[in-house]
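Fold and geometry: a report
Letter by letter, the chains look like this.
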Amino acid sequence: MVIGAGLAGSEVALQLALRGHRVVLHEMKPKQRTPAQVSDGYAELVCSNSFRSSALENAVGVIKEEMRRLGGVLIRVADHTRVPAGDALAVDRERFSRIVTHLLQNTPGIEVVEREVTELPGPSEASLVAVATGPLTAPKLAEHIGALTGGGASLYFYDAIAPIVAADSIDESIAYRASRYGKGNADDYVNCPLDRDQYEAFVQAVLEADRVTAREFEDALFFEGCLPIEVIAGRGPETLRFGCMKPVGLEHPVTGKRAHAVVQLRAENVDRTAYNLVGFQTRLKWGDQTRILRTIPGLQNAEFLRLGQIHRNTYLDSPALLDDQLRLRSAPRVRFAGQMTGVEGYVESTASGLLTAFSMISELSGRVFSPPPVETALGALHAHVLGSRRPEGVKGHVPSNVHWGMVPPLDVRAKKRDRKRAYGERALLETEAYQLRMRDELGLLDAERIEAQIALALQKEELVPPAASE
Ligand SMILES: Cc1cc2nc3c(=O)[nH]c(=O)nc-3n(C[C@H](O)[C@H](O)[C@H](O)COP(=O)(O)OP(=O)(O)OC[C@H]3O[C@@H](n4cnc5c(N)ncnc54)[C@H](O)[C@@H]3O)c2cc1C
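Given the structure is predicted, the values throughout are model-derived calculations rather than measurements.

**Points about the domain arrangement of the protein chain**
In terms of domains, the protein chain is made up of domain 1 (2-159 + 312-463) and domain 2 (164-307). Placing a centre on the C-alpha atoms of domain 1 and another on those of domain 2 gives a separation of 32 Å. Domain 1 puts 20 residues into the contact, and the matching count from domain 2 is 17 residues. With both chains or domains summed, domain 1 and domain 2 bury close to 1,700 Å², and 55% of this area falls on carbon and sulfur atoms. The interface formed by domain 1 and domain 2 holds 3 salt bridges in total. Linking Asp168 and Arg419 is a salt bridge whose minimum nitrogen-to-oxygen distance equals 2.8 Å. On inspection of domain 1 and its partner domain 2, the count reaches 5 residue pairs in polar contact (both at pLDDT 80 or more).

So this is what it looks like as structure tokens:
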């Protein structure tokens, strides 16, 4: 059983059915929509129509290529429905959704049941389950999953994403390593000191910056523990200095001086190639956010691997709840896929669907799922979901787009662009070996087979009633 015919669920269902497995796909459309949806088609892109960069220097470009090589179906539908968008893969969203809908409704082995699922099915109803109900999972099911996973403490309803910067873009002639009051490992933290003028200018800029407006279904109430920096700044000129920019215990290790305020960055991975700005979740628009964060001393040349965001988002504390097969530890029949696992974005959700499908197919063929190597973009995303490359002691889970800060560092000194290209080349080389292995173990869907299915759907496109749109 697959629950949710969004990006992840559609990929899971097609991967299984095209290998001859029987799938019952439950989707609440058209009877019910999430507050972000406007059409009745499956695999709806609810906001932008972009699958982002195709450049093989970018992790998001590489992950798309990896999906193509590993028999991903939705990525090929995206290729067929692409519209001009420079180096980005943007699609005609209605055509994209129509073709995926057609594939789901016409692939032998898939039975689509249009209903809202309110509880996970018992073992007598489904031997294997993939839950892919997305960031706006209908409330009753979310409540049920919350109860099942520890009374709600491990299921989140909002994300609060702080920016991440590449370690080698931090100017350590200004920033310094120290942990508060010398506790723990000093190397785990980098501190950017601000004097009074710099701090006041920073607060002013934050207050004047453009913010992303909340959607009507997103109440503007934030948890006290993870308020956006602009909300904290709005409470008073000194409030940030008593919160996430607190300088006490962070005296400079050489001069012994205490700065007026400090932005603290914490290692994001075991290799310390990426650092997140502690407590800097924000809804500032990305242009303003980048410009203002670069006024922080030490971050003037920062390369942002991820920018801050806050949205409504239903997702699990996957590192605590899921095993390496993406199964719920407490109920291993049940797997999760897509945004619910703590990946972020259309591309990553589709990629997550592919990995969950591989895990299910492995089990159905009596094997143990071998995840892609962590040097690949897919493998890095998988490791992010499991929290397997985060520094020791980090708790909780923050959703993320895929980025090169998630992969082990390469031992090369090269310019930024050349280094990114090297990451891409290594990833695709590793994918080749993985592809051979998966071909043996799972029988990957070959490109011709997928293309033939899509060609059939394209031929019949006119026969498919267009998805009802508001
Ligand atoms: C408002 C908003 C805007 C976004 N904009 C972007 C963007 O511009 N670019 C980007 O890359 N990412 C964006 N995202 C993030 C995200 O990657 C996408 O939402 C993506 O579609 C997630 O894929 P998914 O398969 O996990 O879930 P979805 O694609 O949302 O699919 C989940 C499916 O499950 C169904 N469902 C939910 N509950 C139930 C239930 N109880 N029973 C049966 N069916 C159910 C839904 O109807 C839906 O079809 C946005 C998210 C939101 C909420």
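Further notes follow.
**A short note on unusual backbone geometry**
The peptide bond linking Lys29 to Pro30 adopts the cis configuration, its omega dihedral lying at 0°. For Pro30, the location among the structural elements is in the loop between β2 (23-27) and β3 (50-53). Even without a glycine there, the phi angle at Leu326 is positive, about 70°. Summarising the element assignment, Leu326 is placed in the loop between α9 (318-321) and β16 (327-328).

**Concerning the layout of surface pockets**
Quantified by volume, the second largest pocket comes out at close to 870 Å³. Val394, Lys395, Gly396, His397 and Val398 are, among the 40 residues lining the second largest pocket, the residues nearest its centre. Listed by contribution, the elements that provide at least two residues to the lining of the second largest pocket are β8 (155-161), β12 (261-267), β13 (274-277), β15 (309-316) and α11 (377-386). The biggest single contributor to the lining of the second largest pocket is β8, with 6 residues. Of the residues contributing to the lining of the second largest pocket, the split by class is 22 nonpolar, 11 polar and 7 charged. Inspection of the lining of the second largest pocket shows a minimum of three residues originating in each of domain 1 (2-159 + 312-463) and domain 2 (164-307).

**Looking at α11**
Most of α11 sits out of view: 10 of its 10 residues are buried. Those residues of α11 not exposed but buried are Ala377, Leu378, Gly379, Ala380, Leu381, His382, Ala383, His384, Val385 and Leu386. Turning to α11, the residues buried within the fold contact α2 (59-69), α9, α10 (346-364) and α12 (416-441).

**With respect to the nonpolar core**
Membership of the largest hydrophobic core comes to 90 residues, with the highest contact counts inside it found for Phe51, Phe96, Leu104, Val131, Ile145, Phe336 and Phe358. With 9 residues, the single largest contributor to this core is α10. Once you skip the residues sitting within four places of it in the chain, Ile145 turns out to touch Leu120, Val131, Leu155, Leu316, Phe336 and Met340. Counting residues in hydrophobic clusters, the runner-up holds 34 residues, among them Val206, Leu277, Ala302 and Phe304.

**Quick look at empty space enclosed by the protein**
Gaps left between atoms show up when a probe the size of a water molecule is rolled over them. Using the criterion set out here, one finds 1 cavity of 30 Å³ or more in the structure. Taken as a whole, the largest cavity spans an internal volume of roughly 60 Å³. Taken together, Leu326, Thr341, Val343, Ser352, Leu355, Leu381, His382 and Val385 make up the full set of residues lining the largest cavity. Only α10 and α11 provide two or more residues apiece to the lining of the largest cavity. Among the elements that take part in the lining of the largest cavity, α11 stands out by supplying 3 residues, more than any other.

**Thoughts on α12**
With 26 residues, α12 extends 37 Å between its outermost C-alpha atoms, agreeing within 8% with the 38 Å of an ideal straight helix rising 1.5 Å per residue. Turning to α12, its buried residues are Arg419, Tyr423, Gly424, Arg426, Ala427, Leu428, Thr431, Tyr434, Gln435, Met438 and Glu441. Against α2, α10 and α11 lie the buried residues of α12. Positive backbone phi, approximately 70°, marks Gly443, located one or two places after α12.

**What to know about the sheet that holds strand β17 (residues 331-336)**
With mixed pairing, 6 strands are arranged side by side in an open sheet as β6-β2-β1-β7-β17-β16. Each edge of the open sheet is held by one strand with a lone partner, namely β6 (110-114) and β16. Examined bridge by bridge, β2 and β6 share 5 bridges and lie parallel to one another. In the sheet register, Glu27 faces β6, and the bridge partner there is Glu114.

**Some words on the side chain of Thr133**
Within the fold, Thr133 resides in the loop between β7 (129-131) and α5 (139-148). Among the polar contacts listed, one links the side chain of Thr133 to the side chain of Thr137, at a separation of 2.9 Å. Sequence-distant contacts of Thr133, that is, excluding residues within four places in its chain, are made with Ile3, Gly4, Leu141 and Met340.

**Observations concerning the site of the ligand**
Taken together, 30 residues surround the ligand, and among them Glu27, Val117, Gln339, Gly345 and Tyr346 come closest. Contact between the ligand and Gln37: an oxygen atom at 3.2 Å from a side-chain N or O atom of the residue. Residue assignment for the shell around the ligand shows that the elements contributing at least two residues are α1 (7-17) and α10. Residue composition of the shell around the ligand, grouped by class: 15 nonpolar, 11 polar and 4 charged.

**With respect to the pattern of salt bridges**
Tallied over the entire structure, the rule returns 24 salt bridges. The salt bridge partner of Arg33 is Asp40, with a shortest N-O separation of 3.0 Å. Judged by relative accessible area, which is 21%, Asp40 ranks as partly exposed. Of the charged contacts in the structure, one is a salt bridge between Glu172 and Arg177, with a shortest N-O distance of 2.7 Å. A cluster of three or more residues bridged by salt bridges with shared partners is formed by Glu57, Arg417, Asp418 and Arg421.

Conventions adopted
- Residues numbered from 1 in each chain as written.
- Predicted model: local features only at pLDDT ≥ 70, side-chain atom pairs only at ≥ 80, totals over all residues.
- Heavy atoms only, no water.
- Domains from an automatic or database assignment.
- Contact = heavy atoms within 4.5 Å.
- Buried area = accessible area lost by both parts, 1.4 Å probe.
- Salt bridge = Lys/Arg side-chain N within 4 Å of Asp/Glu carboxyl O.
- Polar contact = N/O pair within 3.5 Å; in protein donor to acceptor, adjacent residues only side chain to side chain.
- Helix = DSSP H or I, 4+ residues; strand = E, 2+ residues; numbered from the N terminus.
- 1 Å grid on protein atoms, 1.4 Å probe; cavity = no way out; pocket = protein on both sides within 12 Å on 5 of 7 lines; lining within 4 Å.
- Points joined across faces, edges and corners; volume = space filled by probe spheres on them.
- Nonpolar A, V, L, I, M, F, W, Y, C, P; charged D, E, K, R; others polar.
- Buried < 20%, exposed > 50% of the residue type's maximum accessible area, 1.4 Å probe, protein only.
- Core = buried A, V, L, I, M, F, W, Y, C linked by side-chain atoms within 4.5 Å.
- Expected span 1.5 Å × (residues − 1).
- Pairing = 2+ DSSP bridges.
- Near = heavy atom within 4 Å.

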